[in-house]
Amino acid sequence: MTKVASIPQCRFCSASAEFQSIKGHYVYGGDPQQHFWQCRSCQMIYLDPPMSEAQEHHFYKQEFEKYMDQRSGEDTNWSGPEQHFCANQREVNRRIPFLEPYLNDVKTVLELGCSSGFMLSALKSHGKKVYGIDPSDGFIEYIKGKGIAVFASDEDFKKAINIPLDLIIHYYVFEHIRHPVEFIKKYMTWIKKGGRMIFEVPCATDPLVELYKVPAFEQFYWSVAHHWYFTKESLSRVLEKTDYAFQLFAEQRYDISNHMVWMLEGRPGGLGRYNHVFDEELNRQYKEQLKKYWICDTIVAVVEK
Ligand SMILES: [Zn+2]
């Protein structure tokens, strides 16, 4: 007999089963009983049932880079720290122009989940004092080799470094966090008055889901490593609960070629493939248009202390 998933209560607002419907049926890396549900009351999209805390600890300590390597196409490279660092220079080139207007008075930066340290290394070359926290054993020696102070836990960090800091950043971390409101509240206490937290999350109104509805992408998108997928509305709801002022920005990481390869071949890895025809200006306009309608793959949040 096949087990049927029982309808949960909302993991965010506790609204009852009648408000819940399945948004992502197939969970990548998960089991058939797991789905991403959306709550009609608060709009949050959440994994249910989630990993246990013990499973989660093991996953981030030992399996995360392997999982990400299996999941990524040629667009991202998780096979080793050096490869990861190099492949992510295009992310540095995308993110730094956004950060620059906020960097003037910033002396100290902490990145939560710094992986191979590519962002911290770029900010270090902008003259910032940089620190990282990352629970994974995978890349830690590599980052230390770049002269960046990286810590395995909050406790280790606080023993060695004085807070408050000017800026805390995290990229594609927040969707992995079991208790999102508590997470923001905690790290905002590590920031100076006038400082900021800036972060990115995947946007659940991704064009491949919302606009093109690519079946193969549906089988890929909803990851067991995520507790939540955010929309502009649901992320606003989370941040409103923290009582800090914030702004959200629509962002689009992936280009026309990536979208076309998903449609044609049902797989990741198409980034830049047709750049000889679809030039930078066309891609810029394409992305602007998607952002205008919030049918985009990324949300950038700026939280003010
Ligand atoms: Zn809810």
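Residues numbered from 1 in each chain as written. Predicted model: local features only at pLDDT ≥ 70, side-chain atom pairs only at ≥ 80, totals over all residues.

### A closer look at the overall build of the chain
Part 1: Each helix and strand in the chain was counted, giving twelve helices and eleven strands.
Part 2: Computed over C-alpha atoms, the radius of gyration of the chain comes to 19 Å, within 12% of the 19 Å expected from 2.2 N^0.38 for 305 residues, which places it in the range of a compact globule.
Part 3: With the C-alpha coordinates of the chain rotated into their principal frame, the extents come out at 55 × 50 × 35 Å.
Part 4: Taking as baseline every contact in the chain between residues at least 6 positions apart, the subset at least 24 positions apart corresponds to 68%. (Helix = DSSP H or I, 4+ residues; strand = E, 2+ residues; numbered from the N terminus. Rg over C-alpha atoms; globule rule 2.2 N^0.38 Å. Contact = placed C-beta atoms within 7 Å.)

### Topic: the pairing of strand 4 (residues 108-112)
Part 1: Among the five residues that make up strand 4, four are buried, leaving the element largely enclosed by the rest of the structure.
Part 2: Two strands pair when backbone bridges link them, and strand 4 and strand 5 (residues 129-133) are joined in this way by five bridges, in the parallel orientation. Its bridge partner lying in strand 5, leucine 112 is registered against isoleucine 133.
Part 3: Here three bridges tie strand 4 to strand 7 (residues 165-171), and the two strands are oriented parallel to one another. Bridge pairing links leucine 110 to isoleucine 168 in strand 7. (Buried ≥ 20, exposed ≤ 12 C-beta atoms within 10 Å, placed from the backbone. Pairing = 2+ DSSP bridges.)

### Considerations on helix 12 (residues 280-292)
Part 1: Here helix 12 is 13 residues long and its end C-alpha atoms lie 18 Å apart, about the 18 Å a rise of 1.5 Å per residue gives.
Part 2: Tryptophan 294 sits one or two residues past helix 12 and shows a positive phi near 55 degrees. (Expected span 1.5 Å × (residues − 1).)

### Let's talk about the pairing of strand 7
Part 1: When you tally the buried positions in strand 7, you get seven out of seven residues, the bulk of the element.
Part 2: Looking at chain direction, strand 7 and strand 8 (residues 191-202) are connected through six bridges and run parallel. For isoleucine 169, the partnering residue across the bridge sits in strand 8 and is isoleucine 198.
Part 3: Since strand 7 and strand 8 lie parallel, the crossover through helix 7 (residues 180-188) that links them has a hand, and here it is right-handed. (Right-handed = clockwise from strand over helix to strand, strands pointing away.)

### Here we look at the sheet that holds strand 10 (residues 246-251)
Part 1: Read across the open sheet, the seven strands follow the order 6-5-4-7-8-11-10; overall the sheet is mixed. Unpaired on one side and paired on the other, strand 6 (149-151) and strand 10 mark the two borders of the sheet. Mean inter-strand twist for the sheet, computed between neighbouring axes without regard to direction, equals 15 degrees.
Part 2: Direction of pairing for strand 5 relative to strand 6: parallel, over a ladder of three bridges. Paired with isoleucine 133 across the strands is phenylalanine 151, a residue of strand 6. (Axes fitted to C-alpha atoms, helices over the stretch in contact; angles between N-to-C directions.)

### Quick look at the packing of helix 3 (residues 89-99) against helix 4 (residues 118-125)
Part 1: Put simply, helix 3 and helix 4 touch, their axes get as near as 10 Å, and they point 55 degrees apart. Of the possible angle classes, the one that applies to helix 3 and helix 4 is oblique. Crossing angle aside, the handedness with which helix 3 passes helix 4 is right-handed. Residue-level contacts link Gln89, Val92, Arg95 and Ile96 of helix 3 to Phe118, Met119 and Ala122 of helix 4.
Part 2: Of the residues belonging to the contact of helix 3 with helix 4, the class tally is five nonpolar, one polar and one charged. (Parallel < 35°, antiparallel > 145°, perpendicular 65-115°, else oblique. Left-handed = near helix turned anticlockwise from the far one by under 90°. Nonpolar A, V, L, I, M, F, W, Y, C, P; charged D, E, K, R; others polar.)

### Some thoughts on the environment of glutamine 43
Part 1: Here glutamine 43 lies in the loop between strand 2 (35-39) and strand 3 (45-48).
Part 2: For glutamine 43 and histidine 58, which are 15 residues apart along the polypeptide, the C-alpha to C-alpha distance reads 30 Å.
Part 3: Once you skip the residues sitting within four places of it in the chain, glutamine 43 turns out to touch Gln38, Thr231, Glu233, Ser234 and Arg237.

### Details of the nonpolar core
Part 1: Counting 62 residues, the largest nonpolar core has Phe36, Tyr46, Ile168, Ile169, Phe199 and Phe230 as the members making the most contacts within it.
Part 2: Apart from the residues within four sequence positions on either side, isoleucine 168 is in contact with Leu110, Leu112, Tyr187, Trp190, Ile191 and Met197. (Core = buried A, V, L, I, M, F, W, Y, C linked by C-beta atoms within 7 Å.)

### Topic: helix 1 (residues 53-71)
Part 1: Helix length check: helix 1 (19 residues) gives 22 Å between terminal C-alpha atoms against 27 Å at 1.5 Å per residue, more than 12% under.
Part 2: Of all bends in helix 1, the biggest is about 75 degrees, found at glutamate 63. (Bend = angle between axes of the 7 residues up to and from the residue.)

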